[in-house]
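Residues per chain are reported as follows:
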Amino acid sequence: DITQKGYEKKRAKLLARYIPLIQGIDPSLQAEHRIPGPSQTTAAVPKQQKSRPTTSRDERFRSDVHTEAVQAALAKYKERKMPMPSKRRSVLVHSSVETYTPPDTSSASEDEGSLRRPGRLTSTPLQSHSSVEPWLDRVIQGSSTSSSASSTSSHPGGRPTAAPSAAATPGAAAATALAGLEAHTHIGVPVNSRVSSKIQQLLNTLKRPKRPPLKEFFVDDFEELLEVQQPDPNQPKPEGSETSVLRGEPLTAGVPRPPSLLATLQRWGTTQPKSPCLTALDTTGKATYTLTYGKLWSRSLKLAYTLLNKLTNKNEPLLKPGDRVALVFPNSDPVMFMVAFYGCLLAELVPVPIEVPLTRKDAGSQQVGFLLGSCGVSLALTTDACQKGLPKAQTGEVAAFKGWPPLSWLVIDGKHLAKPPKDWHPLAQDTGTGTAYIEYKTSKEGSTVGVTVSHASLLAQCRALTQACGYSEAETLTNVLDFKRDAGLWHGVLTSVMNRMHVVSVPYALMKANPLSWIQKVCFYKARAALVKSRDMHWSLLAQRGQRDVSLSSLRMLIVADGANPWSISSCDAFLNVFQSRGLRPEVICPCASSPEALTVAIRRPPDLGGPPPRKAVLSMNGLSYGVIRVDTEEKLSVLTVQDVGQVMPGANVCVVKLEGTPYLCKTDEVGEICVSSSATGTAYYGLLGITKNVFETVPVTAGGSPVFDRPFTRTGLLGFIGPDNLVFIVGKLDGLMVTGVRRHNADDVVATALAVEPMKFVYRGR
């Protein structure tokens, strides 16, 4: 009895320092057996720490704290002949320590992230946690501390935070119990004592599989969630007949056609040198410079001569015909971009327009670096002002950007270029299958690829757009889009030159400062055509109040470049409602659909160009989720209203094929991928033969398996169908397709829904 009482007294004294709620576990355990972390220090931890504000997010509350406590206590038992538990995580912690990289704790010591966080967490009774198993209850009830001090607060990212109490978590309970075991052995208490048997029971319980079965991570409906969904017998199925190839109107015969775009530029540059080609605006809306056709021709010629004759490497020309050259120009400088683009074409070089890199390690520009490397780019053209703004190395040269190949930089402002001799003429042959330029495309995974456009495709695209839009000589076009790619490039830099048009380029910075600026420029220059996105129409609606002196009566075409997006219809309708009283005619609004691979796919024509009246389709969302077209009524909430994007391009053949497997033709009431066969599409992904074949050389087949056409088709990535009057309707994009079980949803519809509920009120930042 005396021995037993002495043992109890000694035991209580030795265990006392492991038990108090505030103290957590023994600092010596932490100090001696610490999991190495980044830039850790060994500063002592004060006994009473200030509580942190509850709003701060502390990354140091993490799952490996539990493990560290257990590891530290077990480490002292390496020499003993004791049964060792398997290395196991706390049942309250579902994130794996092995796969988790600890956050940087350089701002404080590693110990600060331990269990001591008094007043930081909300306390809840341990029994309320269904994941806590009965063995833990027994261990904690046998301890001298209350179980009610436990707390497991959810941490952003799904890692439950550590609790302030030593007894609150199994990990900590194990540490406390094992520390007690150590104390007993030091004073010679037999291992089979009452306390040791409890610890033995704990150790046996810990000998469980390291990773719980997958289903323990889920709740309730786990089996139902992972069941292979059986097709619903009531789901709608396509019932129409098989579609056929839709042929666009032929390219007009008998109209005198220029042999090439460069021949046209030379003609305008020499016969109409004073004719305005491009007007650039500053951020206040003031015209800073107007480039004439004479200046565009002479400056492009100077650049071509410099590129071919003045750049050498060990007495060898730096560039040879067909080499790729990067064009690095800001969105505020269309004039220098245009000179660079045509200068490259004249020198038989392939321009690769890219965005201006902002920092040395910009994530987006790393993908651009992959594109430049795969294209073998070694020279970049830019302006003096742009180069001054680029990050610099210590030598003063432009810094090497992460992931980019080594580049030489050439500033193309006039003073840096050499004047060619009077008898010098470029040898450019821009009529064949050779690559004219490369346009970058970013896929949904974030990878950047280059779409090659041949000289023949470029010329065919300009001719088709001229015919579809009815462009004529000396017309004025207001362009709000990025002139380096997509419709902004096709209309505002290429087709405009073919027709000696005057383009007024509205920079994005001006649109942000004054969303009405493009309407004011349409009014000021009496523009006949304008090129916008639905975003620009929406912004101008918000800013138009109080503006009474603008008129849009000069417009015959308002081209909506993103007319294929589901939210564009509401912008078009709202814009017409407000500006119809200011001269805007309903038939002027012309949505179009395009893709980087197929260029312009379809565009709505005004009635004077022979276009049918515009149409809307009110479609059942339930039907669309099964890839089936079912007309519904607008009163319902579960419908998608889409507008047509017009007729297919002149000279093009279009069909709709099934999304998966063999490209069979769809039925008339079935959604599929739009495919185009035309001389005006892109030709390949540069240097990527495998995916090029899948996208640019598709052979659609009938249900019987026979090819539908004698030429391959290009997949557009647009999902839709052909409606009445042979009008094209787009309901989504392949990149935005979300498949749940057997049903398909479109990411753009989620965006459209968010936009429809006044996002400033309901959709909170960061959600």
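For the structure itself, consult the block above.
First, a word on scope: everything that follows refers to the structure included in this document. Since the model is a prediction, treat every value here as computed from it, not as a measurement.

## Description of helix α18 (residues 568-579)
- Compared with an ideal rise of 1.5 Å per residue, which puts twelve residues at 16 Å, α18 spans 16 Å between its outermost C-alpha atoms and is within 8% of the ideal.
- Every buried residue belonging to α18 is among Ser568, Ile569, Ser571, Cys572, Phe575, Leu576 and Phe579, and all of these are buried. When α18 is viewed along its axis, its buried side chains cluster within an angular range of 160° and face the same direction.
- For α18, the secondary structure elements touched by its buried residues are α16 (517-525), α17 (534-543), β15 (557-560), β16 (589-595), β18 (616-620) and β19 (639-643).

## Here we look at the packing of helix α8 (residues 261-271) against helix α14 (residues 486-498)
- The geometry of α8 relative to α14 is characterised by a closest axis approach of 8 Å and an angle of 65° between their N-to-C directions. Taken together, the axes of α8 and α14 are roughly perpendicular relative to one another. Once α8 is placed against α14, the crossing between them reads as left-handed. From α8, Leu261, Thr264, Leu265 and Trp268 reach across to α14, where they touch Leu494, Val497 and Met498.

## Here we look at the sheet that holds strand β10 (residues 435-442)
- Pairing is antiparallel in the open sheet, where three strands are placed in the order β10-β11-β23. The open sheet has two free edges, formed respectively by β10 and β23 (684-685), since each of these has just one partner strand.
- The sheet contact formed by β10 and strand β11 (residues 448-454) spans seven bridges and is antiparallel. Bridge assignment links Thr435 to a residue of β11, and that residue is Ser454.
- Its contacts with the sheet place helix α13 (residues 455-469) against β10 and β11, and it is angled at close to 75° to β11.

## Comments concerning the sheet that holds strand β22 (residues 672-677)
- Pairing is antiparallel in the open sheet, where five strands are placed in the order β1-β21-β22-β24-β25. Among the strands making up the open sheet, the edge pair consists of β1 (246-247) and β25 (728-733).
- Pairing analysis gives two bridges linking β1 to strand β21 (residues 653-657), with the strands arranged antiparallel. Residue pairing across strands places Arg247 opposite Asn653, the latter belonging to β21.

Quick notes on the rules
- Residues numbered from 1 in each chain as written.
- Predicted model: local features only at pLDDT ≥ 70, side-chain atom pairs only at ≥ 80, totals over all residues.
- Heavy atoms only, no water.
- Helix = DSSP H or I, 4+ residues; strand = E, 2+ residues; numbered from the N terminus.
- Expected span 1.5 Å × (residues − 1).
- Buried < 20%, exposed > 50% of the residue type's maximum accessible area, 1.4 Å probe, protein only.
- Arc of directions from axis to C-beta.
- Contact = heavy atoms within 4.5 Å.
- Axes fitted to C-alpha atoms, helices over the stretch in contact; angles between N-to-C directions.
- Parallel < 35°, antiparallel > 145°, perpendicular 65-115°, else oblique.
- Left-handed = near helix turned anticlockwise from the far one by under 90°.
- Pairing = 2+ DSSP bridges.

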